[in-house]
Structure formats: C-alpha cells, structure tokens
Amino acid sequence: MICPIHLDDLEQLLFGSIAGILEEQGRASPHYTEHVTLLAIRLAQIQRYKSVLEMSGDTYESPTARGKIIRARPEVAMLSEALRGAQSLLGELMLNPAAALRIAAGHKPEPGAFDDF
C-alpha cells in the first residue's frame, strides 16, 4: 500500500503500522488505502485529544448568572466520536479480535452440547 502524501508524520507512521499488519496477514490491497488512511487519521486524532485532556483535564468552569458551572471539555465528545470511528474502521478492516478469530486458518467452533437448541 502506498501512503497518501497529505497525511502528517504521525498519520503516516500509523498508516505504515496498519498496512504492515495487513501485509503480515496477507490481506494488504490498494483497495484498502482509503480505509487505512481514515483509520490512521482517527488514531492520530485520538492521541491528540487524549494529550489535550491529560494536560487540561476533562472539565472546565464556566461563569453563569448564579455563579459557576462545571462543563465537559469539547475534546471529551470529540475523543468519544474518534474512538467510535476508529472502532468501526477496525471492524471493517477486520483488525479486531473477533475478526482475527474468524480469519484464523482452520478455526472452526467446536460442536457444543447446546447446538441442537
């Protein structure tokens, strides 16, 4: 897979790592480039949002007419969205543990006592 040139350094590093995993599994294809690119961007966003939250905390105080209110930082919601997007892309690329079991060579579930139900 060829890494797109518009990715920043971290995203290129992540792209290479994901592409390497797919290569090891024998599933690397130029058709996956867009999905791998999106996953690399999402993973970089996750790192960026986490570092902001580690430095600034998860909440901030906002003045109101009656005093102050504690609110969640916008990065909290942005991190949550990035995590959901990354999880979805990992599933589509079959890079999650459940998919790994499905594509494992010769893996078939053993018959169980409750198969007849």
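It should be noted that the structure appears before, not after, this text.
About the cut-offs
- Residues numbered from 1 in each chain as written.
- Predicted model: local features only at pLDDT ≥ 70, side-chain atom pairs only at ≥ 80, totals over all residues.
- Heavy atoms only, no water.
- Helix = DSSP H or I, 4+ residues; strand = E, 2+ residues; numbered from the N terminus.
- Buried < 20%, exposed > 50% of the residue type's maximum accessible area, 1.4 Å probe, protein only.
- Contact = heavy atoms within 4.5 Å.
- Expected span 1.5 Å × (residues − 1).
- Arc of directions from axis to C-beta.
- Axes fitted to C-alpha atoms, helices over the stretch in contact; angles between N-to-C directions.
- Parallel < 35°, antiparallel > 145°, perpendicular 65-115°, else oblique.
- Left-handed = near helix turned anticlockwise from the far one by under 90°.
- Nonpolar A, V, L, I, M, F, W, Y, C, P; charged D, E, K, R; others polar.
- Pairing = 2+ DSSP bridges.

J.: How do you make sense of the overall build of the protein chain when you look at a structure like this?
T.: Check the secondary structure of the protein chain and you find four helices and two strands. Counting from the amino terminus, the protein chain carries its helices and strands in the arrangement α-α-β-β-α-α. Relative to its full complement of 117 residues, the protein chain shows a buried share of 25%. Within the protein chain, contacts between residues at least 6 apart in sequence are counted, and of these 55% link residues at least 24 apart.

J.: Mind showing me how you'd approach helix 3 (residues 74–92) here?
T.: In an α-helix, one turn spans 3.6 residues, which is why side chains three or four residues apart end up on the same side. The end-to-end C-alpha separation of helix 3 is 27 Å, in line with the 27 Å expected for 19 residues at 1.5 Å each. Where helix 3 is concerned, the buried positions are Glu75, Leu79, Ala82, Gly85, Ala86 and Leu89. What you see down the axis of helix 3 is that its buried residues fit within an arc of 130°, all on one side. Opposite the buried face of helix 3, at more than 90 degrees from it, the exposed residues are Ala77, Arg84 and Gln87. Residues of helix 3 that are buried in the fold lie against helix 2 (33–56). Positive backbone phi, at 55°, marks methionine 94, one or two positions downstream of helix 3.

J.: Is there a simple way to think about the packing of helix 2 against helix 3 in this case?
T.: Two quantities define a packed helix pair, namely the angle between the helix axes and the distance between the axes. Running from amino to carboxyl end, helix 2 crosses helix 3 at an angle of 150°, the nearest separation of the two axes being 9 Å. It follows that helix 2 is roughly antiparallel to helix 3 by the angle criterion. In the packing of helix 2 onto helix 3, the handedness of the crossing is left-handed. Of the residues in helix 3, those in contact with His35, Leu38, Leu39, Arg42, Leu43, Gln45, Ile46, Tyr49, Lys50, Val52 and Leu53 of helix 2 are Glu75, Val76, Met78, Leu79, Glu81, Ala82, Leu83, Gly85, Ala86, Leu89, Leu90 and Glu92. Classifying every residue of the contact of helix 2 with helix 3 gives 15 nonpolar, three polar and five charged.

J.: Just to check I follow, could you spell out the packing of helix 1 (residues 9–24) against helix 2 for this structure?
T.: At their nearest, the axes of helix 1 and helix 2 sit 8 Å apart, and the two run at 130° to each other. Relative to helix 2, helix 1 is oriented oblique. The way helix 1 lies across helix 2 gives a crossing that is right-handed. For the pair helix 1 and helix 2, contact is made by Leu10, Glu11, Leu14, Phe15, Ile18, Ala19 and Leu22 and by Thr33, Val36, Thr37, Leu39, Ala40, Ile41, Leu43, Ala44 and Gln47, respectively.

J.: Any chance you could explain the environment of glutamate 34 here in plain terms?
T.: By the element assignment, glutamate 34 lies in helix 2. When its relative accessible area of 52% is taken as the criterion, glutamate 34 is described as exposed. C-alpha of glutamate 34 to C-alpha of cysteine 3: the two residues are 31 residues apart in sequence and 9.6 Å apart in space.

J.: Can you walk me through the pairing of strand 2 (residues 67–72) in this structure?
T.: Here is the key point about a regular strand: its side chains alternate between the two faces of the sheet. In terms of residue burial, strand 2 counts as a barely covered element, since only zero of its six residues are buried. Counting the residues that bridge the hairpin from strand 1 (residues 59–64) to strand 2 gives two residues.

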